Amino acid sequence: MTTFEQFNLPPALSTALAAMNYTTPTPIQLQAIPLGLEGKDVLGSAQTGTGKTAAFSIPLVSKIMLSPRGSALVLTPTRELASQVMEVITQLLGKRSFIQSVLLIGGDSMTKQCAKLRMRPRIIVGTPGRINDHLERGNLILHDTSFLVLDETDRMLDMGFGIQIDKIVKFLPKERQTLMFSATLPAEIVKMSAKYLKSPERIAVGSTTQAMPAITQEVIQVSEVAKYDELVTQLNKREGSIIMFVKTKRGADKMTERLNKIGFKTDTLHGDLHQRKRERVIQAFRDMKFRILVATDIAARGLDIPHIEHVINYDLPQCPEDYIHRIGRTGRNGSVGSAVCLISPEDGLKWRDIHKLLYPNEPAPHMPYSPSPKRGGGGYKGKSGGGYKGKPNNGGQKSGERSYGDKKPGGNGGNNRFKRFGGKRTPSSAAA
Ligand code: AMP
């Protein structure tokens, strides 16, 4: 059996891994850790939930532990992801470590961050905006930062951080080791890697455009007016933690209010919330204080909450790749999850693009459900075998027959797909 012992890690790091219950390296870790320890540059593509964070954090912490000098910087697209990376690194350092680290993210107290920076931390994790802020003010010095990680680089580019990253990299020494991770590897990422990496080793786990196989995907075609009723039906059918994606921040707030009113314990996560509030929401969701998290795409990547059992796409994402990241919030590290898309006629083209990304060799899906009054009832049957399954449409017709208050929220709704909230995941044949 492969274990972490084969990497000859510093004893403190091995102890920390044991305390974290990490015994067997995941495939991406098996590939990335030896390269990272050897000092190689790495361009890695891995699906979310594969253990990517530890894949770069283990070599990072090992290098910092083994050398009295030098520092490491990790850049991530979102504050949440930065916090999660910092948490993993803190665990890897272990309770007894004297190595200082700092989290530099927007929305957090500048004064507190400055105080930490004065202690010359050797591990810096943060988002590009705030890191540049500190660099420009002269609070942060990176001339001995010889280890750089760019995490979820495609996302950072999508969010317009390209120029910020350029600026930051100029503060780092040319002689350094750089690990760049990206869920997808479009041409601009490959171009960027040529700029920042030296003869990188390319590693990949699974296909970058395939959803994780443990996630059952379901598509429900429904008219825009019947969508909310269908959502309530779906919520009643499901047990366990749910993350639901909507398009806008306002939409997220409104949806949360509506669901709370009818008895579903719901909270919201979007970019307009203060950092403290965001952290509180994530922590409460982690602690199962409420069941449904309504989020905009800010939460689509990186959020690692193992007990999320269902992803509901109430609105489809703006870019197809985000679909994969969204549904990657469930089925974490090999567990089972389900994803459902409520697709109205207006979403037809977007869904086609997502389908093309998931199944490039398949013909475009037939979308019988059109905006015309002559709606088909057969629905769209997706590819079977790949975990993707269509479902007959009935949402449009049902809407007038009942009100969403009729059913007891959180009940079983006849579909005992999962045993109980927070319990063992037990997929039923209905989800297969
Ligand atoms: P990531 O892809 O880094 O977000 O990790 C996904 C999940 O896998 C997290 O909950 C990690 O704690 C967990 N994980 C990562 N590596 C291992 C490992 N070698 N053994 C057990 N769990 C792991």
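Calculation rules
- Residues numbered from 1 in each chain as written.
- Predicted model: local features only at pLDDT ≥ 70, side-chain atom pairs only at ≥ 80, totals over all residues.
- Heavy atoms only, no water.
- Helix = DSSP H or I, 4+ residues; strand = E, 2+ residues; numbered from the N terminus.
- Buried < 20%, exposed > 50% of the residue type's maximum accessible area, 1.4 Å probe, protein only.
- Contact = heavy atoms within 4.5 Å.
- Areas by Shrake-Rupley, 256 points an atom, 1.4 Å probe, with all protein chains shown as cover.
- Near = heavy atom within 4 Å.
- Polar contact = N/O pair within 3.5 Å; in protein donor to acceptor, adjacent residues only side chain to side chain.
- Nonpolar A, V, L, I, M, F, W, Y, C, P; charged D, E, K, R; others polar.
- Domains from an automatic or database assignment.

Asker: Run through the overall build of the chain, naming residues and quoting values.
Answerer: Of the regular secondary structure elements, the chain holds 15 helices and 14 strands. In the chain, buried positions account for 55% of the 432 residues. Restricting to contacts in the chain with at least 6 residues of sequence separation, those with at least 24 account for 73%. Approximately 18,900 Å² of the chain is accessible, and the part contributed by carbon and sulfur atoms is 54%.

Asker: If you had to explain the site of the ligand to someone new, which residues and values would you point to?
Answerer: Near the ligand, the surroundings consist of 14 residues, among which Tyr 22, Gln 29, Gly 51, Thr 53 and Asp 304 are the closest. In this structure, a nitrogen atom belonging to the ligand sits 2.9 Å away from a main-chain N or O atom of Thr 24. At 3.1 Å, a backbone N or O of Thr 50 approaches an oxygen atom of the ligand. Summarising the interface, the protein chains cover 82% of the accessible area of the ligand, which totals 500 Å² for the free molecule. Split into classes, the residues belonging to the shell around the ligand amount to 3 nonpolar, 8 polar and 3 charged. Among the domains, domain 1 (4-205) and domain 2 (215-419) are the pair contributing at least three residues each to the shell around the ligand.

Asker: Describe the environment of Asp 287, and please don't skip the residues or the numbers.
Answerer: Following the sequence through the fold, Asp 287 ends up in the loop between helix H12 (275-286) and strand S11 (292-295). Looking at Asp 287, the relative accessible area reads 40%, which means it is partly exposed. Separated by 18 residues in the primary sequence, Asp 287 and Ile 305 place their C-alpha atoms 9.6 Å from one another.

Remember that the coordinates give geometry; whether it matters functionally is a separate question.
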